[in-house]
Amino acid sequence: MGDPVAEYSSRLQQQEQEINSLTAEIESLKNPQSLGLSSHLDGLREENTKLKYRLNILKRSLQEERSQRSKTMMNINQRLQEIFGEAIREAWPDLENPPLAVTPNQQAKFGDYQCNSAMAMAQMMKSKGLKVNPREIAEKIQQNIPDNELVEKTEIAGPGFQAQASKILHAVRHRVVVDFSSPNIAKEMHVGHLRSTIIGDSMCRLFEFLGYDVLRLNHVGDWGTQFGMLIAHLQDKFPNYLTVSPPIGDLQAFYKESKKRFDEEEDFKKRAYQCVVKLQSKDPAFIKGWNLICDVSRNEFQKVYNCLDIQIIERGESFYQEKMIAVVKEFEAKGLVEMDEGRKIVFAPGQQIPLTVVKSDGGYTYDTSDLAALRQRLFDEKADIIIYVTDSGQGTHFQVVFAAAQMIGWYDPKVTRVEHAGFGVVLGEDKKKFKTRSGDTVRLMDLLDEGLKRSMDKLKEKDRDKVLSTEELTKAQHSVAFGCIKYADLSHNRINDYVFSFDKMLDDRGNTAAYLLYAFTRIRSIARLANIDEVALRKAAETTDVLLQHDKEWKLGKCLIRFPEILQKILDDLLLHTLCDYLYELATTFTEFYDSCYCIEKDRQTGEVVKVNMWRMLLCDATAAIMAKGFDILGINPVSRM
């Protein structure tokens, strides 16, 4: 005799499949014109009625089977999945494959089981252009819970800690492309690239933490007429460059030399244009020269990325060269291209400025390469979300590019999120554009080196060199220097300009990385002081109730559970200063708690620990854990000793 539970499962699965099949059939019959069946409407309506009748019989049969099964053997979690699955389908019948997550509750006082579907459903709806509050979704699910033998009472809770947020949002795994940093080959990275690099990296880290599949792209300027003059100058200065690697030490100086010759020497200018033609025709000798120049730049860029701990994939303008031809043809085939004094232009609806897709000399433009890049990201990468992190000055350009892409039918903004996350300029302390004393743009590596020097001075000023080992001091130096530079940028609303000041960012008072990093190391040291290791804390988390009795305990607890809400807000508006404000609030709230509530009690004579309040130690641990995750999203590396 077979296993009755297995037989039930098999029969139930078959019935579920038939119900799904019939439901799909009925749905298809609702719009017969789309199937070319308009002449058979009467017959279809009769068939529709029969299908509905069969569907109802199957549903009743399935309910009887479930009732019978529940009398023999019950998997509570599975039954709850069925109950909440039905409630979700009743509440949101048009939502395809809604996420269903029912799990046992870790803390009994919050109920026996929890359904975590509302936030993931909100994300799914948002991707379809519907903005619905997760609480509103939860209320609708609650109202549609069918009569059942299990659920005595349901309550809607606020979102939990960060692990829960990650778990909830993992349910919908979207593909995200973030285009950031994007320096130009043969030119130094400057302070403008700093903002794009820091903001873009932090956005990627947020999406990654929340379970998205993120592609980080560096759209470097590695193609164009400037490479003609660079290769011509390379041929003159290092004629044997094909066999001996040229020692180009200072690429910026090399670029300036070639530009001077291009502007002043007519013969050189002609040769530069010939070099462009050779490069575009993929002549191997010219491709090698181009690669040599690109490699020198890549090495310089990588020094910056190593300092700032940036992971990024280079995919420059050269990658899209062949794709531009197809893009222009596609716009022409749909009758969207107009001629204007020899140029091919495209007007997008609601936009005053056209895109120039082909210049009068037959060459392509930034407009063409950005259209080609957007098309590749939509169709080849299959991106659900595409974010461009560049200065606000490029906002109008991207607005026109996005409008043209929608006009040609590449994407629907209600389904796919394509967005320009613009930012303001970096100002000096004189409130003017940040420049060196000689008026030049500030080199990024010079700025980072200055940060390292200043952070070491600050640490020595506090006598940290006397208590930390050489290795610990170097780690603290890097953590403070680069953490402060990143935080100073991210803690300001990215849309606004911000004043770059080493003195302010290295100040350990107020909303700065220096203050937060010191606060974090103090919180981490509390457990060390009480001789409690990670294992003991994990064990305590499973067995100890957190008793929120003191008002400062409540204040800290309420601040901690707002973390997922903060992340959700940033996901919506991409404004990372909200996270910085939250971390500062958390650190100051923790200080209030620690000043008012004993975590460790010591003997006043001997200094020995006589009592440890374990639930308060868990609050310390939760605060440190959320601060660490916040730092990680901001790209800041805290250290255990500072």
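Residues numbered from 1 in each chain as written. Predicted model: local features only at pLDDT ≥ 70, side-chain atom pairs only at ≥ 80, totals over all residues. Heavy atoms only, no water.

An unreviewed UniProt entry lists the protein chain under the name Arginine--tRNA ligase, cytoplasmic, with Oncorhynchus mykiss as the source organism. The record in UniProt for the protein chain states the following under Subcellular location (unreviewed entry): "Cytoplasm, Cytosol". Per UniProt, the comment on the protein chain under Sequence similarities (unreviewed entry) is "Belongs to the class-I aminoacyl-tRNA synthetase family." (UniProt positions renumbered as here; feature names shortened; annotations may be inferred.)

Notes on the sheet that holds strand 6 (residues 338-340)
As summarised here, the arrangement of the 3 strands in space is 6-7-8, forming an open sheet in which the pairing is antiparallel. Where the open sheet ends on each side, the last strands, each with one partner, are strand 6 and strand 8 (355-358). Each adjacent strand pair in this sheet contributes to an overall mean axis angle of 45°, direction not counted. Across 3 bridges, strand 7 (residues 343-346) lies against strand 8 in antiparallel orientation. Pairing of Val346 across the sheet is with Leu355, part of strand 8. (Pairing = 2+ DSSP bridges. Helix = DSSP H or I, 4+ residues; strand = E, 2+ residues; numbered from the N terminus. Axes fitted to C-alpha atoms, helices over the stretch in contact; angles between N-to-C directions.)

As for the pattern of salt bridges
A full pass over the atoms with the stated rule returns 44 salt bridges. In this structure, Arg261 and Asp236 form a salt bridge, with 2.8 Å as the shortest nitrogen-oxygen distance. With Arg261 in helix 9 (residues 251-264) and Asp236 in helix 8 (residues 226-237), this residue pair connects regions lying 25 residues apart in the sequence. For Asp236, a relative accessible area of 37% puts it in the partly exposed group. One network of salt bridges, with partners in common, ties together Asp201, Arg205, Glu208, Arg216, Asp309, Lys629 and Asp632. (Salt bridge = Lys/Arg side-chain N within 4 Å of Asp/Glu carboxyl O. Buried < 20%, exposed > 50% of the residue type's maximum accessible area, 1.4 Å probe, protein only.)

Remarks on the environment of Ser297
Inspection of the secondary structure puts Ser297 in helix 11 (residues 284-308). On the basis of relative accessibility, which here comes to 3%, the residue Ser297 falls in the buried class. Between the C-alpha atoms of Ser297 and Leu251, which are 46 residues apart in sequence, the distance is 7.3 Å. Residues in contact with Ser297, not counting those within four places in the same chain, are Ile185, Ala186, Lys187 and Leu251. There is a polar contact of 2.7 Å between the side chain of Ser297 and the backbone nitrogen of Ala186. (Contact = heavy atoms within 4.5 Å. Polar contact = N/O pair within 3.5 Å; in protein donor to acceptor, adjacent residues only side chain to side chain.)

Re the pairing of strand 9 (residues 385-388)
Remember that side chains alternate between the two faces of the sheet whenever the strand is regular. Neither face of strand 9 is open: one carries Ile385 and Ile387, the other Ile386 and Tyr388, and all of them are buried. Alignment of strand 3 (residues 175-179) against strand 9, held across 4 bridges, turns out to be parallel. The residue of strand 9 that forms the bridge with Asp179 is Tyr388. Pairing geometry for strand 9 and strand 10 (residues 417-420), over 4 bridges, is parallel. Its bridge partner being in strand 10, Ile387 is matched across the sheet by Glu419. Taken together, strand 9, helix 14 (residues 395-407) and strand 10 form a β-α-β motif whose crossover is right-handed. (Right-handed = clockwise from strand over helix to strand, strands pointing away.)

Some words on the pairing of strand 3
Most of strand 3 is tucked away, with 5 of its 5 residues classed as buried. Here 5 bridges tie strand 3 to strand 4 (residues 213-218), and the two strands are oriented parallel to one another. Within strand 4, the residue paired with Val176 across the bridge is Val214. Between the parallel elements strand 3 and strand 4, the chain passes through helix 7 (residues 191-209) in a crossover that is right-handed.

Quick word on the environment of Leu355
Among the structural elements, Leu355 can be located in strand 8. Considering only alpha carbons, one finds Leu355 and Ala404, 49 residues apart in sequence, at a separation of 8.4 Å. Setting aside residues up to four positions removed in sequence, Leu355 forms contacts with Lys344, Ile345, Val346, Asp367, Leu371, Val400, Val401 and Ala404.

A look at helix 8
Given a rise of 1.5 Å per residue, 12 residues ought to cover 16 Å, and the 17 Å separating the end C-alpha atoms of helix 8 matches this to within 8%. Within helix 8 the residues assigned to the buried category are Phe227, Gly228, Met229, Leu230, Ile231, Ala232, His233 and Leu234. Against the buried residues of helix 8 lie helix 9, helix 10 (266-280) and helix 11. (Expected span 1.5 Å × (residues − 1).)

Regarding helix 11
Compared with an ideal rise of 1.5 Å per residue, which puts 25 residues at 36 Å, helix 11 spans 35 Å between its outermost C-alpha atoms and is within 8% of the ideal. Where helix 11 begins, the capping side chain belongs to Asp283, and its oxygen is found 3.0 Å from the backbone nitrogen of Ala285. Immediately downstream of helix 11, the backbone of Asp309 shows phi near 55°, a positive value.

Examining the packing of helix 10 against helix 11
Angle between the axes and distance between the axes are the two parameters that describe a pair of packed helices. Helix 11 packs onto helix 10 with a crossing angle of 100° between their chain directions and a minimal axis gap of 8 Å. It follows from the interaxial angle that helix 10 and helix 11 lie roughly perpendicular. Packed against helix 10, whose contacting residues are Cys275, Lys278 and Leu279, the element helix 11 presents Phe286, Ile287 and Trp290 at the interface. For the contact of helix 10 with helix 11, a count of residues per class yields 5 nonpolar, no polar and 1 charged. (Parallel < 35°, antiparallel > 145°, perpendicular 65-115°, else oblique. Nonpolar A, V, L, I, M, F, W, Y, C, P; charged D, E, K, R; others polar.)

So, the packing of aromatic side chains
The full count for this structure, using the stated rule, is 14 aromatic pairs. Among the aromatic side chains, those forming a connected cluster through ring pairs are Tyr388, Phe398 and Phe402. In this structure, Lys269 packs its charged tip against the face of Phe262, placed 5.3 Å from the ring centre. The ring centre of Phe379 lies 4.4 Å from the NZ or CZ of Arg375, which sits over that ring. (Phe/Tyr/Trp six-rings, centres within 6.5 Å; stacked < 30°, edge-to-face > 60°. Lys NZ or Arg CZ within 6 Å of the ring centre and 35° of its normal.)

Some remarks on the sheet that holds strand 9
On the basis of which strands lie adjacent, the open sheet formed by 5 strands has the order 5-4-3-9-10 and parallel pairing. Two strands bound the open sheet, and with one partner strand each, they are strand 5 (313-314) and strand 10. In the sheet, strand 4 pairs with strand 5 via 2 bridges, with the strands oriented parallel. Residue pairing in the sheet places Asn218 in a bridge with Glu314 of strand 5. Along the sheet face, helix 7 touches strand 3, strand 4 and strand 9 and points at about 165° away from the line of strand 4. Contacting strand 3, strand 4, strand 9 and strand 10, helix 13 (residues 366-379) runs over the sheet at an angle of about 150° to strand 9.

Some thoughts on the side chain of Asp367
Relative to the helices and strands, Asp367 resides in helix 13. Arg343 provides the closest opposite charge to the buried, salt-bridge-free Asp367, at an N-O distance of 7.2 Å. Within the structure, Asp367 has its side chain in polar contact with the side chain of His397 (distance 3.3 Å). Not counting residues up to four positions away in its chain, the partners in contact with Asp367 are Pro354, Leu355, Thr356 and His397. (Lys, Arg positive; Asp, Glu negative; His and termini not counted.)

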